[in-house]
Structure formats: C-alpha cells, structure tokens
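The primary structure of each chain is shown beneath.
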Amino acid sequence: MTDYLNVPPISLNGKTIKIVAIITMFIDHFTCCFLEVATTAEGISVMYAIPYGYQLDRLGRTIGRCAFPVFCFMLVEGFIHTRSRAKYGLRLLIFAAISEVPFCLIFFPDSPNRHADTIFTLLIGYLVIWGTDVAASFFLEEKYRPTQEYREHKETKAIREVSRKVFGDLDAEDRPQGFTLERGLRHVGFLAVSIALLFAGSYIAKYFGCDYSYGGVGTIMLLYYFYRIRPFSLLVAWIWLSVYNQNELMAITGFWLIYCYNGERGKQSKYFFYVFYPLHLMVLYLIRKSIFGM
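Residues numbered from 1 in each chain as written. Predicted model: local features only at pLDDT ≥ 70, side-chain atom pairs only at ≥ 80, totals over all residues. Heavy atoms only, no water.

## With respect to the environment of F226
Filter applied, for reference: Numbering of helices and strands runs from the N terminus, with a helix taken as a DSSP run of H or I at least four residues long and a strand as a DSSP run of E at least two residues long. Each residue gets one of three labels from its accessible area relative to the maximum for its type: buried under 20%, exposed over 50%, partly exposed in between, using a 1.4 Å probe on protein chains only. Here, residues are in contact when the closest pair of their heavy atoms is within 4.5 Å.
Within the element layout of this structure, F226 appears in the loop between α9 (213–225) and α10 (230–244). You can call F226 partly exposed: its relative accessible area is 23%. Considering only alpha carbons, one finds F226 and P146, 80 residues apart in sequence, at a separation of 6.2 Å. In this structure F226 touches F232, S233 and V236, once residues within four positions along its chain are discounted.

Laid out in structure tokens, this is it:
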C-alpha cells in the first residue's frame, strides 16, 4: 500500500526550491520598500496614496511569506551536510554583518530601535541547533538523535569519547534494551539542555530585534528536532510560525515546497544567496532614494 503522506505530489531539488524562495523574497521586499516604507511628499505611505495600493501590498507580502520557511529548512540541511560547521557559521556571521546596513536602510530608515537582518536570525538558529546536536552527541544513543549522521565530525567523536567515560559504553552489543534509569537521565539531560539553548537563542533574537525574532529561531529548532519525520516537522513548524504571527499562515506555500524536496541539492552556487541578499536590498534602497528621497 502506498504511503501517500510521505509521497510528495512533485519532486523538487534544492536549487529549484531556493530559486522560488529568492523570487518570492524579492517580491516581498520590493512590495515593502515601495508600498509600505516609501511615502509621498505629504508623508502618506504609497500603499494608501495609489489606487488598489493596499490590495497590491497584501498580495506582495502574502507571496513573500513563502521564502522564510525554505531558508530555515535549507539551513538545517546545510548544517547536516556541511564539511565544516565552524566555517558555515562564520559565513553566516560575515554576510549577516554585511547585510545589516542595507536591511535597516530599506525597512527601518527612521527607527530608533534595534533591528537585525534575517541572516542574523538564521545564524542564531544555527548556533542553537549546533549546540543541541552537541548535546545529543553527549547524552543520546545514535538511534535517538534528532538527525542522522551523514559524516563523522571530529568534535562529535571527541564528545562521544567523553560521554563514554562519564556514562559508559552505549555502543556495546549487550547494552540493556527498553527503559533504564541511565537512559531516562540521558534523555532528561538532553531535553533540559536543548530547551535552555532554545530559550537563550530566542531571547537574543528578541533582544536584538532580529527579523522573525524568536518565531524564526523556534521554526529552525522544530525543523531540526523533528527532522526524521518531515511531514510532522513541517506541520508543527508552520503552526508555531503562525502562532508567532498570524500573517505567517500563508507561509504554508513555503512548507509545501519543503515537503516536495527530494533530497538532491542540484547544481548551484554556494555564495549566490549570500551575495544576492544584501545586494538586492541596497539596490532597492538606492532606487527608492532616487525616487522618494528616502
């Protein structure tokens, strides 16, 4: 019998999904830049100054809700497959810093509050799941870890060695099956550490005014934590993001794209998104400034 729940209607590789996400992100940013933030000489938002401006704004922003879930999921995929998690995190940090100025110029030109761009949100989420994965390496047996191991990392081997010295060798063939006090304590320890990391990451994201704030960090964590059961992970992540912001109900389009992901990366440039993100923000800002003077 076919398991229709786990058979997507179409098969999409990573390149295709990213292209769709980038296009919808651009539509979202274009709409916000020229309809919401841009103002007329009288100080009225363009969306209220032109015919059907509000409807156009809602349409563009709704289309844009597709992008963020895709970037969160691809971040988790990148975390699992990357050869160097440290270099991946450093790359996020560098481009988050580069994107900060154009992000604030285009979306919050006159705001006195703290604001941080979306890549900072992805970076915080990345650090949270990295810390959670380290905790899983220390506390849990392989079969209980949230994600499957695709390659052995040096830090993972070292952590496992420490774990064996503290708790004993869980890889022994004669280890007890079923519930034991030791196994229960391990799971409690892992749960406590992962929750603490999630709260810490969410607090940092909210404190610095990161785009999507704790909602984004929580989405990344859910996609990582339930990685092995993708339909469930997508459902709970969508519900969580929609609770964070009801406008994200329309992010279901992005979660549907993820559901159709076939696990193949596709031929793509590693740095295209990182370069495109700050570049398109700066270009949009310069165009708006030349037209509206802001």
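## So, the pattern of salt bridges
The criterion, for reference: Criterion for a salt bridge: a side-chain nitrogen of Lys or Arg within 4 Å of a carboxyl oxygen of Asp or Glu.
Counted under the stated rule, the structure contains eight salt bridges. Here E36 and R58 are joined by a salt bridge, their closest N and O atoms 3.2 Å apart. Linking E36 in helix α1 (residues 14–37) with R58 in helix α3 (residues 53–64), this pair joins segments that are 22 residues apart in sequence. For E36, a relative accessible area of 23% gives the class partly exposed. The class for R58 is partly exposed, based on a relative accessible area of 31%. In this structure, the salt-bridge partner of D133 is R85, at a minimum N-O distance of 2.9 Å. Here D133, found in helix α6 (residues 118–139), pairs with R85, found in helix α5 (residues 85–107); they are 48 residues apart in sequence, far enough to count as distant. Summarising the burial analysis for this pair, D133 and R85 share the class buried. By sharing partners, the salt bridges in this structure join D28, E36, D57, R58, R61, R65 and E248 into a single network.

## Remarks on a nonpolar patch on the surface
So the rule is basically this: The patches described consist of residues with a relative accessible area above 30% and no salt bridge, like charges being joined within 9 Å and nonpolar side chains (Val, Leu, Ile, Met, Phe, Trp, Tyr) within 5 Å. Computed with a 1.4 Å probe, the accessible areas rest on the Shrake-Rupley method; for each residue, only the protein chains presented here act as cover.
Together, Y271, V275, L279, V283, I287, I291 and F292 make up an exposed nonpolar region whose accessible area comes to about 610 Å². Note on placement: F292 falls in helix α12 (residues 272–292).

## Section: the packing of helix α4 (residues 67–81) against α5
Think of two packed helices as two axes; the pair is described by the angle between the axes and how far apart they sit. Note the cut-off: Between the N-to-C directions of two axes lies an angle of 0 to 180 degrees, each axis being a line fitted to C-alpha atoms and, for a helix, fitted only over the stretch in contact. Whether a crossing is left-handed or right-handed is set by the direction in which the near helix is turned from the far one by less than a right angle, anticlockwise for left-handed and clockwise for right-handed. Residue classes follow a fixed rule: Ala, Val, Leu, Ile, Met, Phe, Trp, Tyr, Cys and Pro count as nonpolar, while Asp, Glu, Lys and Arg count as charged, and any other residue, Gly among them, counts as polar.
Their axes nearest at 9 Å, the elements α4 and α5 cross at an angle of 145°. By crossing handedness, the relation of α4 to α5 is classed as right-handed. The segment α4 lies against α5, with M74, L75, G78, F79 and I80 engaging R85, Y88 and L92. Tallied by class, residues from the contact of α4 with α5 come to six nonpolar, one polar and one charged.

## Focus on α9
Let me state the cut-off plainly: Here the expected length of a helix is defined as 1.5 Å per residue gap, with one fewer gap than residues.
Along its 13 residues, α9 runs 19 Å from first to last C-alpha, staying within 8% of the 18 Å computed at 1.5 Å per residue. On its buried face, α9 sits against α4, α6, α8 (181–207), α10 and α11 (252–259).

## Looking at the nonpolar core
In a soluble, globular protein the nonpolar side chains are often hidden away together inside. The condition is simple: Residue types Ala, Val, Leu, Ile, Met, Phe, Trp, Tyr and Cys, when buried and joined through side-chain atoms within 4.5 Å, form a set referred to as a nonpolar core.
Formed by 64 residues in total, the largest nonpolar core has its most connected members in F71, V76, L92, L223 and F255. Residue assignment for this core shows that the elements contributing at least two residues are α1, α4, α5, α6, α9, α10, α11 and α12. Top contributing element to this core by residue count: α4, with 11 residues. Of all hydrophobic cores here, the second largest spans five residues; its members include A136, F139, L140 and F190.

## A few points about the confidence of the model for the protein chain
Here is the rule we go by: Per-residue confidence from the prediction method is given by pLDDT, with values spanning 0 to 100.
Of all residues in the protein chain, 87% attain a pLDDT of 70 or more, and the chain-wide mean is 87. Averaged pLDDT values over the elements of the protein chain bottom out at 52 in helix α7 (residues 154–167) and peak at 97 in α9. Scored below 50 in pLDDT, residues 1–5 makes four contacts in the model with residues more than four places away or belonging to other chains.

## A look at the packing of aromatic side chains
To keep it simple, the criterion reads: Stacked, tilted and edge-to-face are the three classes assigned to paired rings of Phe, Tyr and Trp, where Trp is represented by its six-membered ring and a pair needs centres within 6.5 Å; plane angles under 30 degrees give stacked, over 60 edge-to-face, the rest tilted. Here, over-ring charges are defined by two tests on the NZ atom of lysine or the CZ atom of arginine: distance to the ring centre within 6 Å, and angle to the ring normal within 35 degrees.
According to the stated counting rule, one finds 25 aromatic pairs in the structure shown. Aromatic pair F71 and F273: ring centres 4.6 Å apart, planes at 35°, arrangement tilted. Pair noted here: F71 is in helix α4 and F273 is in helix α12, with a separation of 202 residues, a long-range link. Here the two residues F71 and F273 agree in accessibility, since each one is buried. Judged by centre distance (5.0 Å) and plane angle (75°), the rings of F138 and F139 are edge-to-face. When its relative accessible area of 21% is taken as the criterion, F138 is described as partly exposed. Among the aromatic residues, those joined into a cluster by ring pairs are F71, F95, Y271, F273, Y274 and Y277. In this structure, R85 packs its charged tip against the face of F79, placed 4.0 Å from the ring centre. One cation-aromatic arrangement involves R91 over Y88; the distance from NZ or CZ to the ring centre is 5.0 Å.

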